[in-house]
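Given next are the chains, with one letter for each unit.
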Amino acid sequence: MTLMLKAVAAFLLLTLLIALVRIWRGPTPADRMLASQLFGTTGVALVLVLAYAQPLPALKDVALTLAVLSVLANVAFVTRVVRIDRPQAADRFSSGNADARRKEWRAP
């Protein structure tokens, strides 16, 4: 059983490496955001596999903390890239102008 858990852990580490490369290289902010989500969920999975392989119940708490931090990091990333907090975006949408809405959704 430990051989299988080691193989799963190695596969998850390989997935983390691929996600890290995608975060580093891009090419778009959406790719980086999805790779960071993959990084968070794979990290949680890896810690849970290690918690199952070793009798350390504290690793389950670490996995839960990592999951919460991953969600917060993704929210911060989306807020920064999409710029939800811009006050002029609300003015463009309230005007009822369909062209302004289309341009707003396409803008990075």
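Residues numbered from 1 in each chain as written. Predicted model: local features only at pLDDT ≥ 70, side-chain atom pairs only at ≥ 80, totals over all residues. Heavy atoms only, no water.

Asker: How should I be thinking about the overall build of the protein chain in this particular structure?
Answerer: Within the protein chain, the secondary structure is distributed over five helices and zero strands. Its helices and strands taken in sequence order, the protein chain reads α-α-α-α-α from the N to the C terminus. When burial is assessed residue by residue, the protein chain has 21% of its 108 residues classed as buried. Nonlocal contacts in the protein chain, meaning residues at least 24 apart in sequence, comprise 41% of its contacts between residues at least 6 apart. Looking at the protein chain as shown, the accessible area adds up to about 8100 Å², and 70% of this sits on carbon and sulfur atoms. (Helix = DSSP H or I, 4+ residues; strand = E, 2+ residues; numbered from the N terminus. Buried < 20%, exposed > 50% of the residue type's maximum accessible area, 1.4 Å probe, protein only. Contact = heavy atoms within 4.5 Å. Areas by Shrake-Rupley, 256 points an atom, 1.4 Å probe, with all protein chains shown as cover.)

Asker: Explanation requested: the environment of Leu64 in the structure shown.
Answerer: Counting through the fold element by element, Leu64 comes out in helix H3 (residues 58–82). Residue Leu64 is classed as exposed on the basis of its relative accessible area, which comes to 57%. Along the backbone, Leu64 and Leu48 are 16 residues apart, and their C-alpha atoms lie at a distance of 9.3 Å.

Asker: Just to check I follow, could you spell out the packing of helix H1 (residues 2–25) against helix H2 (residues 29–53) for this structure?
Answerer: The packing of two helices is summarised by the inter-axis angle and the distance between the axes. The interhelical angle for the contact between H1 and H2, taken along N-to-C directions, is 160°, at an axis separation of 9 Å. Judged on the interaxial angle alone, H2 and H1 are roughly antiparallel. Note on packing geometry: the crossing formed by H1 with H2 is left-handed. Considering only residue class, the contact of H1 with H2 consists of 18 nonpolar, four polar and four charged. (Axes fitted to C-alpha atoms, helices over the stretch in contact; angles between N-to-C directions. Parallel < 35°, antiparallel > 145°, perpendicular 65-115°, else oblique. Left-handed = near helix turned anticlockwise from the far one by under 90°. Nonpolar A, V, L, I, M, F, W, Y, C, P; charged D, E, K, R; others polar.)

Asker: Sorry, what's going on with H1 here?
Answerer: For an α-helix, 3.6 residues make a turn, and residues three or four places apart therefore share a direction. Here H1 spans 35 Å end to end across 24 residues, near enough to the 34 Å set by a 1.5 Å rise per residue. Of all the residues in H1, the buried ones are Leu5, Ala9, Leu12, Thr15, Leu16 and Ala19. On its buried face, H1 sits against H2. Directly after H1, the chain includes Gly26, whose backbone phi takes a positive value near 90°. (Expected span 1.5 Å × (residues − 1).)

These figures capture arrangement, not role.
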